[in-house]
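What follows is each chain in one-letter form.
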Amino acid sequence: MSFCADQLARVAAIWERMLNHRFLSETRDGTIAHQVFANWMRQDYLFVEAAIPFIAVLVPKAPRAHRVALGKAIPTLEKELELFRERAEAAGVTLENVKPSFTNHAYVQFLLASAYSRSYAEAFTVLYVAEKAYYDSWLVVRAGIDKGSIWFPFVENWTSDAFRGWVEFLQAELDGLADAVGAAERERMGELFELTAKYELAFWEMAAGGGGWPGLTGEMS
Ligand code: MP5
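Rules and cut-offs
Residues numbered from 1 in each chain as written. Predicted model: local features only at pLDDT ≥ 70, side-chain atom pairs only at ≥ 80, totals over all residues. Heavy atoms only, no water. Helix = DSSP H or I, 4+ residues; strand = E, 2+ residues; numbered from the N terminus. Buried < 20%, exposed > 50% of the residue type's maximum accessible area, 1.4 Å probe, protein only. Contact = heavy atoms within 4.5 Å. Areas by Shrake-Rupley, 256 points an atom, 1.4 Å probe, with all protein chains shown as cover. Lys, Arg positive; Asp, Glu negative; His and termini not counted. Charge placed at Lys NZ, Arg CZ, Asp CG, Glu CD. Salt bridge = Lys/Arg side-chain N within 4 Å of Asp/Glu carboxyl O.

Draft legend 1. Layout of the overall build of the protein. Check the secondary structure of the protein and you find 10 helices and 0 strands. Shown N-terminal to C-terminal, the secondary structure of the protein runs as helices and strands in the order α-α-α-α-α-α-α-α-α-α. Counting only C-alpha atoms, the protein reaches 50 × 40 × 35 Å along its principal axes. The proportion of buried residues among the 221 residues of the protein is 48%. Of the contacts formed within the protein by residues at least 6 apart in sequence, a portion of 84% connects residues at least 24 apart. As displayed, the protein offers around 10500 Å² of accessible surface, 53% of which is attributable to carbon and sulfur atoms. For the protein, the separation between the mean place of its 21 positive charges and that of its 29 negative charges on side chains is 2 Å.

Draft legend 2. Up close: the pattern of salt bridges. With the rule as written, the count across this model stands at 10 salt bridges. Two residues, Glu194 and Arg10, come together in a salt bridge whose shortest N-O distance is 2.9 Å. A residue pair is termed long-range when its members are at least 10 positions apart, and Glu194 in helix H10 (residues 183–209) and Arg10 in helix H1 (residues 3–10) qualify at 184 residues. Across the pair Glu122 and Arg118 runs a salt bridge, and its minimum N-O distance is 2.6 Å. By relative accessible area, which is 3% here, Glu122 ends up buried. By sharing partners, the salt bridges in this structure join Arg10, Glu194 and Lys198 into a single network.

Written out as structure tokens, the structure reads:
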């Protein structure tokens, strides 16, 4: 079995919880509260901003054959930020002065720490799982959302043919990287695979639940 298929089977229970998350089903069914979706938008805007340096740190570690694809991901993410700003304007959501939620802060630190301190194959694992999680999650939403929904452009963004192609590229390359490393590194890749899946589930939970900091309420968060 390939590394990705093997790991996806291993984390299947987490993945299933992620895909069954109420944030996704309520967005699909059009019952999500405006401020709940807005909360996700504000937090994910910060996440995508942080994903740009994450990718940039991977570039000098990358094999020659990955440089162009990773390099191209940076303007793609800048365009994604434009989509957030455009939708925020259309929906009356402010993206200014947003502080990261506890979960978002932790996830972003995890992303950057992986890029800076882990091997390329390990950090690439985190990239693949984050992208695959979004592809699969937004496919759930796509299966029922009204195409006239103000949130539909986000669905299109992460379920497009281009995004599917990117995820397939990452999957094939990750399988190749996993074949080339030793058992100890492959083990570490598996740990990061599972942690990233857990962060992805936690991100929907945070978005649906408001996402304060432990012990703090309202303004202090
Ligand atoms: C992605 C995202 C997808 N935007 N947010 C989270 C929490 N996980 C994954 O990444 P990208 O960089 O927007 O394609």
